[in-house]
Amino acid sequence: MALLQISEPGMSAAPHQHRLAVGIDLGTTNSLVATVRSSMSTVLQDDFGHALLPSVVRYAPNGDVIVGHEAQAQQSNDPVNTIVSVKRFMGRSLSDITDKAHIPYRFVDGKNTEATRILQIQTRAGLKTPVEISAEILKTLKVRAEKSLGGELVGAVITVPAYFDDAQRQATKDAARLAGLNVLRLLNEPTAAAVAYGLDNATEGTYVIYDLGGGTFDVSILKLTKGVFEVLATNGDSALGGDDFDHRIYCWILDKVRESSSNFTPLSEEDTRLLLTKSRQAKEWLTDNFEAQIVCRLSNGTLVDVTLTAPQLVEITQHLVTKTLSPARKAMRDANLAIEDIDGVVLVGGATRMPHLRHAVEDYFKQEPLTNLDPDKVVALGAAIQANILAGNKNDADLLLLDVTPLSLGLETMGSLVEKVIPRNSTLPIARAQEFTTYKEGQTAMSIHVVQGERELVSDCRSLARFELRGIPPMAAGAARIRVTFTVDADGLLSVSAREQSTGVTAHIEVKPAYGLSEDEITSMLKASFISAEEDKKARMLAEARVGAGAIISSVTAALATDGNLISDAEKQTIATEIKKLASITKTNDATAINKAVDALNHATEAFAAARMNASVSRALSGKNLEDIKL
Amino acid sequence: MSNPHTNYFQLFALPERFNIDIQSLEVNYRKIQSASHPDRFVSASTAEKLHSMQLATTANEGYNTLKNPATRAKYLLEQRGINAISDTNTAMPADFLVQQMEWREHLEEAKVAKDLPTLESLVIQLQAEAKSIQTELADLLDTKKNDIAATEATRKLIFIDKVCADARQAIEQLE
């Protein structure tokens, strides 16, 4: 007779039910994917043992798309079709890119309408948006993860710089969708680092995360209390990073070459990329050495042979180091903290290896920064921990991240001034409403311009979207009451709605994203990326519908088992009936019917969901009865 | 999305008064977020996601309202049926108006002169002023129940907060 198996207390009896989820650090220079295995967060490696995937995408002559080391090796030979640091262009228009002259790409401004201004890059594979290029990096990581974990991923947490604005966040989410990833959450990079660091050390107190990556700088101040990570303030510069240090070295080399060579001709795209690569290598070498020799031959035959010393590097880049201190001061002020209140400073990002940056941080915070976790990996490790929890693998879930919106959100008012609706550093999720009124007699439409930034003038802030509220009944000037509601979800993404109050007339709203891709563009890209026979599409829709149905059935069944006592037997019966219906329809091949049954079950559980929420809050406040509080 | 029927004091299990235990507020806020945050409902039904979003949003709004003394006083008065910042509530003692104008002048002059030390000392002065009004408010709202005097003190506190915010912004722009 076979022996009966008994699982260890606290362990799942069915290990195969572990839901595969990953954390992805989509970096400017390198990208990583990590996952939690046997309760340890680990970075996944490729077949050659590389953890870091260079964020380089090459469109090869034979039509292949090559990502990573192989693409990086070709960047000087084929600079126009080998895209590096694409993260810098996410959610950006051509006019945002100030140093075009030194970037060897053929930029094309998106459709020249105000509606979509995202830039594109001309490659031999055609025009590519930064979203599509980033999606190639994400696809490579997805393949790596699924191969390594041996199954399909239920989802991913993707990290973004804390100081990314709404357009940049949206672009990142679009790239993930394009790569076929289910985004569990967009997580701010410094917060992810804090999770990896804080959990590793069981830390409590107030910590600063100083994150200088390849193209972005973030500083976040977090309060760690019993597993709650509360971001008190965040600041940064989404266009400052290690790349800028490389660029300074590159300019320095050019000056040196010009001094010694009389007939210096403009650089080819290949030479620009070559010198930028040499600059990066010199910068990295100078972290542990006193001088770096830079030797290479340009395509016109000019020999470059210069030596850069560590003090020279400090001299030509100190202003960039200083530039990181201003956001740090602002964050400290916003958090209402003094230097003495800080328990530790954690350095994140490869660029924080530079000795003069470390010294500057140490001088400002009057303490030696913490570097015991690999600054290249800590973000991915933290993201994996969050992904594991969000995927539902950890039931006790004693970790909670309370993040903030990095930039103020507002509306354009008369005189091109900004009226702030949500101030920066507001904890997410948040919803705020503001009332506005008409300016002219009989005005029937109102143009609503949503902007992000700290300045008073609209022209100094980033324009996110323009809405039109139409169908306002003609009234005297100032009589209409237009209520505009801003909602920022836990991913830091904004949605805006507007409504005329005084008449109760529901007015029409039109949304036009100024940056990013429209829903149609994403759909057509998705279609193009799957070799899509109609049958494939149907199979995919059916598979997705079944996954959705399975998720809600298990979630509602689990809820009934724990909290069934909160509702009447009749209500329970109704829900049970809908579950049965859905379960039997799931066996058919009709995706539309399955989705309808999912909606019906969702509808049947509305009152139950409300009761559960109140009960869970009551439990949280230990015994406090919330029945008489109307939520 | 914050529901006007939610009483923030009840939500955080605190007595409805100006002097509150900030530590209890923080602890209960974290407990409510732990139970309601959208991260807890990533794979839940649409209905549960919606409730989670609503409650987490209300908790954030309520926490901010109660944490800040000026908004807490204003909210407490609202619960007693008084709108401290309504257009009809404009009475202000003359000496405070003069004082307020002086602060504004100081601020503008320092801004033009790019005088960082003056701006910083103005912030400290305003914070001290705010502290003393908060002590006064605790007495008026919790002990004396003098809502009329409390309304005036609340308006003062809101004024001071505004000047202080402007001074901080000026400091930021100078850096």
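Numbers given to residues run from 1 along each chain, matching the order in which its sequence is written. Ligands are numbered from 1 and chains lettered from A, in the order in which they are written. pLDDT decides what is reported in this predicted model: residues at 70 or higher carry local features, side-chain atom pairs at 80 or more are listed and counted, and totals for whole chains, interfaces and linings draw on all residues regardless. As a rule here, side-chain values come from all non-hydrogen atoms in the structure, and water together with hydrogens is ignored.

Engineer: Tell me about the overall build of chain B, and please be specific about residues and values.
Structural biologist: What counts as a helix is a DSSP run of H or I of at least four residues, what counts as a strand is a run of E of at least two, and both are numbered from the N terminus. Each helix and strand in chain B was counted, giving 7 helices and 0 strands. Element order for chain B, N to C, with α for helix and β for strand: α-α-α-α-α-α-α. The C-alpha extent of chain B, read off along each of the three principal axes, is 55 × 45 × 30 Å. In what follows, a contact means two residues having at least one pair of non-hydrogen atoms within 4.5 Å. Taking as baseline every contact in chain B between residues at least 6 positions apart, the subset at least 24 positions apart corresponds to 68%. Every accessible area reported is derived by Shrake-Rupley at a probe size of 1.4 Å, with residue values counting cover from the shown protein chains alone. When the accessible surface of chain B is split by element, carbon and sulfur atoms take 53% of a total near 8400 Å². If the 19 positive side-chain charges of chain B are averaged to one point and the 25 negative ones to another, these points end up 6 Å apart. Residues scored as positive are Lys and Arg, those scored as negative are Asp and Glu, and His as well as the terminal groups of each chain are ignored. Here the site of a charge means NZ on Lys, CZ on Arg, CG on Asp, or CD on Glu.

Engineer: Requested: an account of the sheet that holds strand β15 (residues 228-237) of chain A, with residues and values cited.
Structural biologist: All names here are of chain A. Overall, mixed pairing links the 5 strands, which are arranged β18-β13-β14-β15-β19 in an open sheet. What marks the edges here is a single partner per strand, and that holds for β18 (344-348) and β19 (400-402). Between one strand and the next, the sheet's axes are offset by a mean angle of 25 degrees, whatever the strand orientation. We treat two strands as partners when DSSP finds at least two bridges between them. Two strands pair when backbone bridges link them, and β15 and β19 are joined in this way by 3 bridges, in the parallel orientation. Its bridge partner lying in β19, Glu-230 is registered against Leu-402. Axis definition: a line fit to C-alpha positions, over the contact stretch in the case of helices; interaxial angles, taken between N-to-C directions, run 0 to 180 degrees.

Engineer: Explain the interface of chain B and chain A residue by residue, including any values.
Structural biologist: Tallying the contact residues gives 44 residues for chain B and 53 residues for chain A. Values labelled buried area give the accessible surface lost by two parts on being combined, using a 1.4 Å probe and summing over both. When the buried area of chain B at its contact with chain A is split by residue, Arg-30, Asp-39 and Glu-172 of chain B rank highest and sum to 14% of it. Within this document, salt bridges are pairs made up of a side-chain nitrogen of Lys or Arg and a carboxyl oxygen of Asp or Glu, the two lying within 4 Å of each other. At the boundary of chain B and chain A, one finds 6 salt bridges. Counted as a polar contact is a pair of N or O atoms within 3.5 Å, where, for protein atoms, one must be capable of donating a hydrogen and the other of accepting one, and residues adjacent in sequence contribute only when both atoms are in side chains. Counting every contact that joins chain B to chain A gives 11 residue pairs in polar contact (both at pLDDT 80 or more).

Engineer: Just give me the short version of the environment of Ser-261 of chain A, but keep the residues and values in it.
Structural biologist: Looking at the secondary structure, you find Ser-261 of chain A in the loop between α5 (242-260) and α6 (269-285). Residues Ser-261 of chain A and Gly-151 of chain A, spaced 110 residues apart in sequence, show a C-alpha to C-alpha distance of 58 Å.

Engineer: Talk me through the nonpolar core; I want residue IDs and the actual numbers.
Structural biologist: We call a set of buried residues a nonpolar core when its members are Ala, Val, Leu, Ile, Met, Phe, Trp, Tyr or Cys and they connect through side-chain atoms within 4.5 Å of each other. Whether a residue is buried, partly exposed or exposed follows from its accessible area with a 1.4 Å probe, protein chains only, as a fraction of its type maximum: under 20%, in between, or over 50%, in that order. Membership of the largest hydrophobic core comes to 54 residues, with the highest contact counts inside it found for Phe-12, Ile-32, Leu-66, Leu-137 and Leu-141 of chain B. Throughout, the edges of the domains are those of an automatic or database domain assignment. Both of domain 1 (8-67) and domain 2 (94-174) of chain B provide at least three residues apiece to this core. When near neighbours in sequence (up to four residues on either side) are disregarded, Phe-12 of chain B contacts Leu-25, Asn-28, Tyr-29, Ile-32, Ala-59, Gly-62, Tyr-63 and Leu-66 of chain B. In this structure, Val-33, Ile-97, Ala-171 and Ala-179 of chain A belong to the second largest nonpolar core, which totals 48 residues.

Engineer: Let's hear about the sheet that holds strand β9 (residues 120-123) of chain A: which residues, and what values?
Structural biologist: Strands pair in a sheet through their backbones, by hydrogen bonds, and they do so in one of two ways: parallel or antiparallel. All names here are of chain A. Strand order in this open sheet of 3 strands is β8-β9-β10, and the pairing throughout is antiparallel. Bordering the open sheet on either side are β8 (106-108) and β10 (126-128), each of which pairs with just one other strand. Taken pair by pair, the neighbouring strands of this sheet meet at an average axis angle of 40 degrees, ignoring direction. Looking at chain direction, β8 and β9 are connected through 3 bridges and run antiparallel. The residue of β9 that forms the bridge with Phe-107 is Ile-121.

Engineer: Describe the domain arrangement of chain B, and please don't skip the residues or the numbers.
Structural biologist: What the domain assignment reports for chain B is domain 1 (8-67) and domain 2 (94-174). Each of domain 1 of chain B and domain 2 of chain B has a C-alpha centre, and the two are 30 Å apart.

Engineer: Kindly report on the packing of helix α4 (residues 69-79) of chain B against helix α7 (residues 147-174) of chain B, identifying the contributing residues and their values.
Structural biologist: Residues and elements named next belong to chain B. Running from N to C, α4 and α7 cross one another at 150 degrees; their axes reach a closest spacing of 9 Å. At the point where α4 passes α7, the crossing takes the left-handed sense. Residues Pro-69, Ala-70, Ala-73, Lys-74 and Leu-77 of α4 touch α7, and the partners they reach there are Asp-147, Ala-150, Thr-151, Thr-154, Leu-157, Ile-158 and Asp-161. Residue composition of the contact of α4 with α7, by class: 7 nonpolar, 2 polar and 3 charged. Two helices crossing with the near one rotated counterclockwise from the far one by less than a right angle form a left-handed crossing, whereas a clockwise rotation gives a right-handed crossing. Amino acids outside the nonpolar list (Ala, Val, Leu, Ile, Met, Phe, Trp, Tyr, Cys, Pro) and the charged list (Asp, Glu, Lys, Arg) are all regarded as polar, and Gly is one of them.

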